[in-house]
Amino acid sequence: MVTESFDGWAVPPGTLTDFVLAEDGGVRHPVLDAEAARGLLVALSAARENALLRDTVQERVRLLGRAGARFLDPEDPLRQEAEERLPATADISPEMARAVIEGMARDWTAERLAALLSAELSQPEALDLFVPQPGGGRARAFAPALSFHIGAGTVPGVSATSMLRGLLLGSATLVKPGVGDVVLPVLLARALAEEAPRLASAVAVLYWSGGSGEDTERVALETADLVVAYGGDATVRSLRDRLPVTTPLVAYHHRLSVALVGRSVLSQESLPGVASALARAVALFDQRGCVSPHAVLVEQGGDVGAGELTEALARELERLHRVLPPTHLAPSHASAVHQLRRTCELRRAAGENIELHTGPGASWTVVLESATKLEPSCLGRTVHVHSVVDALDVPDLLVPVGRHLQTVGVAGLGERVDEVAAALGKVGAVRICPLGDVPFPPPWWHHDGRGPLSVFLRWVDLEG
Amino acid sequence: MVLAPVLSPSPEAGPAEPSFERLVANLVGLFQQGVGEALDEHVFNGWALRVFRWQFQQNPAFRGYCLGRGVTPGTVRSWVDVPAVPTGAFKRLRLMSTEEGREPDAVFHTSGTSRTERRGEHCVASLRLYRSTLLPTFRVHLLPDGARLPVLALMPSPQDAPTSSLSYMIGAVSEAFGAEGGGWFATADGELQEEELRRAVEGAVDTGAPVLIAATAFALAYWLDGLARDDLRFALPEGSRVMETGGFKGRVRGVSRDDLYHGILARLGIPMNRVVNEYGMTEMLSQFYEPAISRFQDSDVGLEDRFHVGPPWVRTRILDPVSLAHVPDGEPGLLCHHDLANIGSVACLLTEDMGVAVADGFRLLGRIPGAEPRGCSLAIEELLEAAQAR
């Protein structure tokens, strides 16, 4: 692990000349005044035609994929730098850093980007020219000239993926990652500069901390043709207020995920696999991801019950504590974990039916209790297990969190999966997937319910 | 770790204590010895063990909790070995330690930071004991000169807010040390009665009689905003003072503590060294104060150098947030208070507040920063609010 500061920006040569450096959370970053920020954005927009639009979308896929694939090669110097830099800046362990890079970069290859494109657009060439429409006439998809991506910093890699989406569509792209997610977009932009320098002249990654980047942020919000934002509900609300009314905002606000285990995998035979997938979903990103499960709902009527699953899950979390260790837990999280654990002990002592399994320090916690309503986890690998009579009872439990509900990882539903998925969708879930796939949705997933590329596009119809 | 099953009540509790009333009477006697002198370690320890024995005997949930951790009165030699109860547990359980069947004198509710948060409840078995800890501590930190002052309370009266421990406390203070001319200046739902308050302040200025203002930092900031808006300034008579509470986090909804205290000086004419921060919690009967008047009256101790002290019957440990082990001196950690006055509930409380030991007290660092999960995973409060809004 390296300790010196990381240079948290990557801009096309010559676009930033005169700036002051500041530092925040181990990340060095330029502080721009409004004029410099405007200059940078003008340069990005001006480069767009030559950098992005001279090529077809398929060519952009090839070039972007070449840069992205470098992060899958353990010998590649940029991949190695990512591994060295991620732990300190993202506050994760080296083992977790490797797992996150592998999981994220898997979707940055030309093959996966091409699959994303064809999943989203039945005629990808509509990005290059007017194409015939089934009902007659022709249409062409236009990407925003300049898209501005604001990351949350919670999960490393998210803003790099967002950047790829913009560039793939042919949008000049400014990325402002959160402090915990600076490394991957910066290194990916550097990879692009090496692999496809012309294309890289339309992308800038620039970190600024709250306050220091007021000018840049204001200028970017005024100038961008579309804004993509990841963050808390409050962040999204404030952005909505600050954007010109004509600028579309693609907002990915707070989300919460759960898991549902059906009775057909509740057997001695299947238990280890289920527990292992569940534990991995909880532990990855140290449970900071929107995909990270807060609770596990376990159906009754299987050969083994919720109690046995809880024990197996606890064993797996203990194993992952060693092979996918957490970093130090923030005082706030550790305190919340101790409050929860000790309150559970007291409730149990008071006669409530509640079981508690804990790891060393505040490292992981599993609580088994009956529940009439779902309570969000205090995170830090803390998961609540609840027994339910039937999988079809789960949607009702999730109603109160429906607007924030995202992934429901499922197993053991057999032929009932369509019926249960429909009921989950009705209350707000946007992704139902096998337990093992929970941490990394495929690139073409309907991100929080909407097409990840189509949400960027403006269609122009050419009739007659 | 998996918890051992809870044993049926077979307490190895040692000699039985006579009765709650008797213990209360003894503790009141102890508290009457005064706030000035620290208790010897062995005196405090002896009392803490008695209190522990009592709570172990009388509180089945606490007893089961201790047994689950392998702790009994037989194994505890020192008060630091008593298992700490998390303040969050008051949101789930009634933690009374009295003879079975005894009804509490009062039930106070925690305020909660959002309207949807689960509220905590502290069942106070003896209000007499509550008064016996709060009054001498208040007097030594706010009224060391023995003054009797009208109390202007920027909060609802105890009749209007029967579940507020703060209203009860200020009611008790007004009764014991107050003078003619005080009053309650907020409605039952917490709305500040600015007009009445202004008249009371003008009255004090006219008669030249000093007053004591008791308020949450939030109410003060709100009031000062109003005074600034109307461009009003008062010079309250010398000897006036302020007890503010709840603003210890360094900020009060966008107002820094420095600004708040400067506002008090500018709008009310009360100097900073006459403004005392109180740090208390519904779950605990004793309070901590900054000794701004009691010790620093004539010296210029900056806000950043202030710290809190409690009465001798309270001891505070500072624990590592992860391991819950003692931190080395000077390191920040979670505050864990041991309050003998809490004999009717639980004496040893693990809080979510951070602090660092200084002198004979601690400097509050506030509720731990970002006490909610960060980033795209759902913040609990937002979730609950969203759920409530539907």
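Nothing here was measured: the structure is a model prediction, and the numbers come from that model. (Residues numbered from 1 in each chain as written. Chains lettered and ligands numbered in written order. Predicted model: local features only at pLDDT ≥ 70, side-chain atom pairs only at ≥ 80, totals over all residues.)

(A) Structural detail: the overall build of chain B. In terms of helices and strands, chain B carries 9 helices and 15 strands. The burial tally for chain B puts 47% of its 390 residues in the buried class. Partitioning the contacts of chain B with sequence separation of at least 6, the portion at a separation of at least 24 is 70%. (Helix = DSSP H or I, 4+ residues; strand = E, 2+ residues; numbered from the N terminus. Buried ≥ 20, exposed ≤ 12 C-beta atoms within 10 Å, placed from the backbone. Contact = placed C-beta atoms within 7 Å.)

(B) View of the overall build of chain A. If you tally the helices and strands in chain A, you get 15 helices and 19 strands. Relative to the 2.2 N^0.38 estimate, which gives 23 Å for 464 residues, the radius of gyration of chain A is 23 Å and therefore close to what a compact globule would have. The principal-axis extents of the C-alpha atoms in chain A amount to approximately 70 × 60 × 45 Å. A burial count over chain A gives 55% of its 464 residues as buried. Partitioning the intrachain contacts of chain A with sequence separation of at least 6 by distance along the chain shows that 74% fall at a separation of at least 24. (Rg over C-alpha atoms; globule rule 2.2 N^0.38 Å.)

(C) Quick look at helix α4 (residues 94–105) of chain A. Residues and elements named next belong to chain A. With 12 residues, α4 should reach 16 Å at 1.5 Å per residue; the first-to-last C-alpha distance of 16 Å fits that figure. Within α4, the full set of buried residues consists of M96, A97, A99, V100, I101, M104 and A105. Those residues of α4 hidden inside the fold are in contact with α2 (57–69), α3 (77–90), α6 (158–169) and α7 (183–195). (Expected span 1.5 Å × (residues − 1).)

(D) Focus on the packing of α2 of chain A against helix α5 (residues 110–120) of chain A. Residues and elements named next belong to chain A. Running from amino to carboxyl end, α2 crosses α5 at an angle of 145°, the nearest separation of the two axes being 8 Å. The interaxial crossing formed by α2 with α5 has right-handed handedness. Contacts between α2 and α5 involve V57, V61, R62, L64, G65 and R66 from the first element and A110, E111, L113, A114 and L117 from the second. When the residues that make up the contact of α2 with α5 are grouped by side-chain class, the tally is 7 nonpolar, 1 polar and 3 charged. (Axes fitted to C-alpha atoms, helices over the stretch in contact; angles between N-to-C directions. Left-handed = near helix turned anticlockwise from the far one by under 90°. Nonpolar A, V, L, I, M, F, W, Y, C, P; charged D, E, K, R; others polar.)

(E) Looking closely at the sheet that holds strand β11 (residues 249–252) of chain A. All names here are of chain A. Taken in spatial order, the 6 strands make up an open sheet running β2-β9-β8-β7-β10-β11, and their pairing is mixed. Across the chains shown, the open sheet's two edge strands, defined by having one partner strand only, are β2 (9–10) and β11. Pairing analysis gives 2 bridges linking β2 to strand β9 (residues 203–206), with the strands arranged antiparallel. Bridging across to β9, W9 finds its partner in L206. Across the sheet, helix α1 (residues 34–53) lies against β7 (146–150), β8 (172–176) and β9, angled at about 135° from β8, the strand it touches most. (Pairing = 2+ DSSP bridges.)

(F) Representation of the sheet that holds strand β4 (residues 27–31) of chain A within the structure. Residues and elements named next belong to chain A. Strand order in the open sheet formed by 3 strands is β1-β4-β3, with mixed pairing between adjacent strands. Of all the strands in the sheet, just β1 (6–7) and β3 (20–24) have a single pairing partner and so form its edges. Pairing analysis gives 5 bridges linking β3 to β4, with the strands arranged antiparallel. The partner of D24 across the bridge, within β4, is V27.

(G) Highlighting the confidence of the model for chain B. Residue and element names in this part refer to chain B. Mean pLDDT for chain B: 87, with 85% of residues reaching 70 or above. Contacts of residues 1–13 to residues separated by more than four positions or lying in other chains number 25 contacts, the stretch itself having pLDDT below 50. Within the model, pLDDT remains below 50 along residues 369–390, and this stretch shows 59 contacts once partners closer than five positions in the same chain are excluded. As scored by the predictor, the complex reaches a pTM of 0.90 and an ipTM of 0.89. (pLDDT = per-residue confidence, 0-100.)

(H) Up close: the environment of G414 of chain A. Along the chain, G414 of chain A falls in the loop between β17 (405–411) and α15 (417–427). As for G414 of chain A and S201 of chain A, which are separated by 213 residues in sequence, their C-alpha atoms are 50 Å apart.

(I) Up close: the nonpolar core. Core analysis: the largest hydrophobic core is formed by 153 residues, its most contacted members being V261, V274, L278 and L309 of chain A. When residues in this core are grouped by element, the largest group, 9 residues, is from helix α11 (residues 271–283) of chain A. Not counting residues within four places of it along the chain, the set of residues in contact with L309 of chain A comprises V261, L266, L271, V274, A275, V298, V304 and V385 of chain A. Grouped together as the second largest cluster of nonpolar side chains are 100 residues, W54, L154, A219 and A292 of chain B included. (Core = buried A, V, L, I, M, F, W, Y, C linked by C-beta atoms within 7 Å.)

(J) Examining the pairing of strand β6 (residues 212–216) of chain B more closely. Residue and element names in this part refer to chain B. Of all 5 residues in β6, 5 are buried; the element is thus mostly enclosed. Covered by surrounding structure in β6 are L212, A214 and T216 together with I213 and A215, the residues of both alternating faces. Where strand β4 (residues 151–153) lies against β6, 3 bridges are found, and the strand directions are parallel. Across the sheet, the residue bridging to A153 is A214, located in β6.

(K) A look at α1 of chain A. Residue and element names in this part refer to chain A. For α1, built from 20 residues, the straight-helix expectation of 28 Å at 1.5 Å per residue is met to within 8% by its first-to-last C-alpha distance of 28 Å. When the local axis directions of α1 are compared, the greatest deviation, roughly 45°, occurs at A47. Inspection of α1 places A36, A37, L40, L41, L44, A47, R48, A51 and L52 among the buried residues, and these make up the whole buried set. (Bend = angle between axes of the 7 residues up to and from the residue.)

(L) Structural detail: the environment of T56 of chain A. Residue and element names in this part refer to chain A. Following the sequence through the fold, T56 ends up in the loop between α1 and α2. For T56, a count of 15 C-beta atoms within 10 Å puts it in the partly exposed group. Taking the C-alpha atoms as reference points, T56 and L127, 71 residues apart in sequence, are found 8.0 Å from one another.

(M) Local environment of the domain arrangement of chain A. All names here are of chain A. Looking at chain A, the domain boundaries give domain 1 (6–254 + 448–462) and domain 2 (256–437). One C-alpha centre belongs to domain 1, the other to domain 2; they are set 33 Å apart. In this assembly, 12 residues from domain 1 lie in contact with 13 residues from domain 2. Of the residues contributing to the side of domain 1 that touches domain 2, the split by class is 5 nonpolar, 4 polar and 3 charged. (Domains from an automatic or database assignment.)

(N) Layout of the packing of helix α1 (residues 20–32) of chain B against helix α4 (residues 127–142) of chain B. Residues and elements named next belong to chain B. Interhelical geometry of α1 versus α4 gives an angle of 10° and a closest axis separation of 10 Å. Taken as axis vectors, α1 and α4 run roughly parallel relative to one another. Residue-level contacts link V24, L27, V28 and F31 of α1 to R128, L129, S132, T133 and P136 of α4. A breakdown of the residues in the contact of α1 with α4 according to their chemical character gives 6 nonpolar, 2 polar and 1 charged. (Parallel < 35°, antiparallel > 145°, perpendicular 65-115°, else oblique.)

(O) Quick peek at the environment of G428 of chain A. Residues and elements named next belong to chain A. Mapping G428 onto the fold places it in the loop between α15 and β18 (431–434). For the pair G428 and Q406, spaced 22 residues apart in the sequence, the C-alpha separation amounts to 7.4 Å. Excluding its chain neighbours within four sequence positions, the residues that come into contact with G428 are L398, G402, R403 and L405.

(P) Quick peek at unusual backbone geometry. A positive phi angle, close to 45°, is found at D286 of chain A, a residue other than glycine. The phi angle at L324 of chain B is positive, at roughly 60°, despite the residue not being glycine. Looking at the secondary structure, you find L324 of chain B in the loop between β12 (314–319) and β13 (333–339). C-beta crowding within 10 Å serves as the criterion here: with 19 such atoms nearby, L324 of chain B is assigned to the partly exposed category.

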